[in-house]
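Listed here are the chains, written in short residue letters.
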Amino acid sequence: MQRSSRILTAILWAFAILGLNSISVAEERRPLILAHYLPWDTAKPFSERWGWHWTMNRFDPEQQVDGKREIASKFYPLIAPYDSGDVPVLEYHLLTMKMAGIDGVIVDWYGLTDYRDYAILHRNTTRLLQQCERLKMKFVVCYEDQTIPALVNGQRIKESDRVAHVVSEINWLHKNWFQSPSYVRFDETPVMLSFGHAGLSDAEWTRALRELDSPILYYSQGYRREGAAGGFSWPVPQQGVAYNDRFLADARKWPDAIPVAFPRFMDVYGDAGVGDGFPILPDENGETFRQTLAKAIKPKTRMIQIATWNDWGEGTQIEPSREFGYRDLTRIQETRRRLDPNFSRRADDLRLPRQLLILRRSTEFTGDSLDAIRDAIVNGDLKQARELLEHD
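Here's a quick rundown of the structure.

**Side note on the layout of surface pockets**
The space that makes up the largest pocket amounts to roughly 980 Å³. Around the largest pocket sit 40 residues that line it, and W40, Y110, Q146, Y269 and E314 are the ones nearest its centre. The set of elements that each furnish at least two residues to the lining of the largest pocket consists of α3 (52-55) and α5 (118-135). Of the volumes computed, that of the second largest pocket is approximately 340 Å³. In this structure, the second largest pocket is lined by 22 residues; those nearest its centre are K98, D103, K136, M137 and R336. Partitioned by chemical class, the residues of the lining of the second largest pocket number nine nonpolar, four polar and nine charged.

Structure (structure tokens):
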């Protein structure tokens, strides 16, 4: 029985991949715009301590200069440093994305094992998915490949169980998150990415895909592995924006691909003493984002990825900041309006979620009245949302 099940799974998996050609040329429609999301920030007072991604063991967020906490970033969040488990923050992030014309998130997931901070990341990701469901946003998992050698070194899994571990975790996703109405599926098949190349080898990923209980549309970073639907691009500061052009040229030979758009790459690793840091990909007053976004939406692809929503340590964030405000989000709004004539959000609409967050953080207002504002934003009744905000 088990062997027959494996054979059936392999057949279904093969048909899912072979059928991609018809998917990619099926009906002409705009691509999904998804933002890469990192659920790893830990901050007071929501948590008992400041996490590594705000401190990198060098910076002290308890110290403030000019009204800003000292954090491990060259830039500063408009809402100040926050905790990724704080539901009002997740609501603010997703509603701001919605106003920008972003359809949802591709979230970094470190798996189910209670090791290092993986359990906290899983908890935060679970809350993020719940908010995606509530706010009518899309959701995709990007599996962190580097967890595999970390778990082996930490003696949490055996070297011989590397593939079996990945298979068991993706099977868990099938039974749980892949069933969510927010989860992105093409032709009824869930989409999943994997980040990095330090974990399973190409051959091991091929084995893992074939041993799954149900097929997935899998995308590997930078190139197309055997059995993958395609690859997804990512900022490579050592090679500059020219890397994107090479990726797009290679992607023409694949059934599918996920291009990337990004605003800059300016990490803080050297300042934090955790390495020399990477070369700078300059912001160029927004020109880097304009060009990479224009190139990302040009091919006929089903989705593009913004890298990133909130990687403050590498400076690739498009989340509103003190330095750039809502600039990159207004660029996405302009792009979305060209792709979708029915999209009508404007720059002023981007500020509504922050107004709601400020009220959430106050003790003067009831949850029901604030939920009514949230629902009005979700349903596109921004006139009512503004009236309710003014009333509160």
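**Notes on the pairing of strand β5 (residues 138-144)**
Note on strand geometry: in a regular strand, side chains alternate between the two faces of the sheet. With six of seven residues buried, β5 is to be regarded as a mostly interior element. Relative to β5, strand β4 (residues 104-109) is paired through six bridges, and the arrangement is parallel. Among the inter-strand pairings, D108 is bridged to a residue of β5, identified as C142. A crossover connection joins β4 to the parallel β5 through α5; in handedness this β-α-β unit is right-handed. Both β5 and strand β7 (residues 189-195) contribute to a ladder of four bridges, which runs parallel.

**A closer look at the pattern of salt bridges**
A full pass over the atoms with the stated rule returns 24 salt bridges. Between E323 and K68 there is a salt bridge, and its shortest N-O distance comes to 3.9 Å. Taken together, the residues span a long stretch of sequence, with E323 in the loop between β12 (303-306) and α12 (327-339) and K68 in strand β3 (residues 68-69) at a distance of 255 residues. Between R336 and D340 there is a salt bridge whose closest N-O contact spans 3.3 Å. Here the salt bridges share partners, and the residues they tie into one network are E91, R360, D371, R374 and D375.

What counts and what doesn't
Residues numbered from 1 in each chain as written. Predicted model: local features only at pLDDT ≥ 70, side-chain atom pairs only at ≥ 80, totals over all residues. Heavy atoms only, no water. 1 Å grid on protein atoms, 1.4 Å probe; cavity = no way out; pocket = protein on both sides within 12 Å on 5 of 7 lines; lining within 4 Å. Points joined across faces, edges and corners; volume = space filled by probe spheres on them. Helix = DSSP H or I, 4+ residues; strand = E, 2+ residues; numbered from the N terminus. Nonpolar A, V, L, I, M, F, W, Y, C, P; charged D, E, K, R; others polar. Buried < 20%, exposed > 50% of the residue type's maximum accessible area, 1.4 Å probe, protein only. Pairing = 2+ DSSP bridges. Right-handed = clockwise from strand over helix to strand, strands pointing away. Salt bridge = Lys/Arg side-chain N within 4 Å of Asp/Glu carboxyl O.

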